[in-house]
Amino acid sequence: QVQLEESGGGQVQAGGSLRLSCAASGLTFSVYTMGWFRLAPGKEREFVAAITWTGINTYYLDSVKGRFTISRDNAKNTVYLQMNSLKPDDTAVYYCAADFYGLGFKISSEYDYWGQGTQVTVSS
């Protein structure tokens, strides 16, 4: 059974930092493209970042470029999202997801597995 478990969310003031982790089990983690998405109240789910299975290629939502960094440790079956200079607009539930083919990494429907999400709240 595939499981993706996010952790690291919380409440922080604007300008602060959080590091999200997503631990995967039940799949060959090292062959999957991993992504982070977020869902804010009243908005559609939004692509945030993705990293290919090698870790060489990364992709970001324009509004988080330069502030967020996605990384992975294939030995630990874990993907991370380091979030710096957080803004109130970053408030959302953050989800990690696994995509076997990695071709449509910005498209949520392309992902095969999802975690339950972790809440990030940024206060002004």
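Read on for an overview of the structure. (Residues numbered from 1 in each chain as written. Predicted model: local features only at pLDDT ≥ 70, side-chain atom pairs only at ≥ 80, totals over all residues. Heavy atoms only, no water.)

## Topic: the pairing of strand 1 (residues 3–7)
Only one face of strand 1 is buried, namely the one carrying Leu4 and Glu6, since none of Gln3, Glu5 and Ser7 on the opposite face is buried. By the bridge criterion, five bridges tie strand 1 to strand 3 (residues 18–25) in an arrangement that is antiparallel. Of the residues in strand 3, the one forming a bridge with Glu6 is Cys22. (Buried < 20%, exposed > 50% of the residue type's maximum accessible area, 1.4 Å probe, protein only. Helix = DSSP H or I, 4+ residues; strand = E, 2+ residues; numbered from the N terminus. Pairing = 2+ DSSP bridges.)

## So, the nonpolar core
By size, the foremost hydrophobic cluster in this structure holds 30 residues, and its most contacted members are Trp36, Leu81, Met83 and Tyr94. Going through the elements one at a time, strand 3, strand 4 (33–39), strand 5 (46–51), strand 7 (68–73), strand 8 (78–83), strand 9 (92–99) and strand 11 (118–123) are the ones with two or more residues in this core. Beyond its immediate sequence surroundings of up to four residues, Tyr94 is in contact with Glu6, Leu20, Trp36, Phe37, Arg38, Val48, Phe68, Leu81, Met83, Gly117, Thr118 and Val120. Formed by six residues, the second largest nonpolar core is a distinct cluster that contains Phe37, Phe47, Ala97 and Phe105. (Core = buried A, V, L, I, M, F, W, Y, C linked by side-chain atoms within 4.5 Å. Contact = heavy atoms within 4.5 Å.)

## Structural notes on the environment of Ile51
Within the fold, Ile51 resides in strand 5. What makes Ile51 buried here is its relative accessible area of 2%. Sequence separation of Ile51 and Gly35 is 16 residues, and the distance between their C-alpha atoms is 6.4 Å. In this view, Ile51 contacts Thr33, Met34, Asn57, Thr58, Ile70, Ser71, Arg72 and Val79; residues no more than four positions away in its chain are not counted.

## So, a nonpolar patch on the surface
A cluster of nonpolar side chains, namely Val31, Phe100, Tyr101 and Leu103, defines an oily patch on the protein surface of about 460 Å² accessible area. Position of Phe100 relative to the elements: it lies in the loop between strand 9 and strand 10 (113–114). (Patch = residues over 30% accessible without salt bridge, like charges linked within 9 Å, V, L, I, M, F, W, Y side chains within 5 Å. Areas by Shrake-Rupley, 256 points an atom, 1.4 Å probe, with all protein chains shown as cover. Salt bridge = Lys/Arg side-chain N within 4 Å of Asp/Glu carboxyl O.)

## Considering the sheet that holds strand 8
The antiparallel open sheet is built from four strands, whose spatial order is 1-3-8-7. Each edge of the open sheet carries a strand with a single partner, namely strand 1 and strand 7. Within the sheet, the average angular offset between the axes of one strand and its neighbour, ignoring direction, is 15°. (Axes fitted to C-alpha atoms, helices over the stretch in contact; angles between N-to-C directions.)

## What about the environment of Leu86?
Within the fold, Leu86 resides in the loop between strand 8 and strand 9. Owing to a relative accessible area of 2%, Leu86 belongs among the buried residues under this scheme. Among all residues touching Leu86, those that are not within four sequence positions of it are Val12, Ala14, Gly15, Gly16, Ser17, Leu18, Arg67, Phe68 and Val122.

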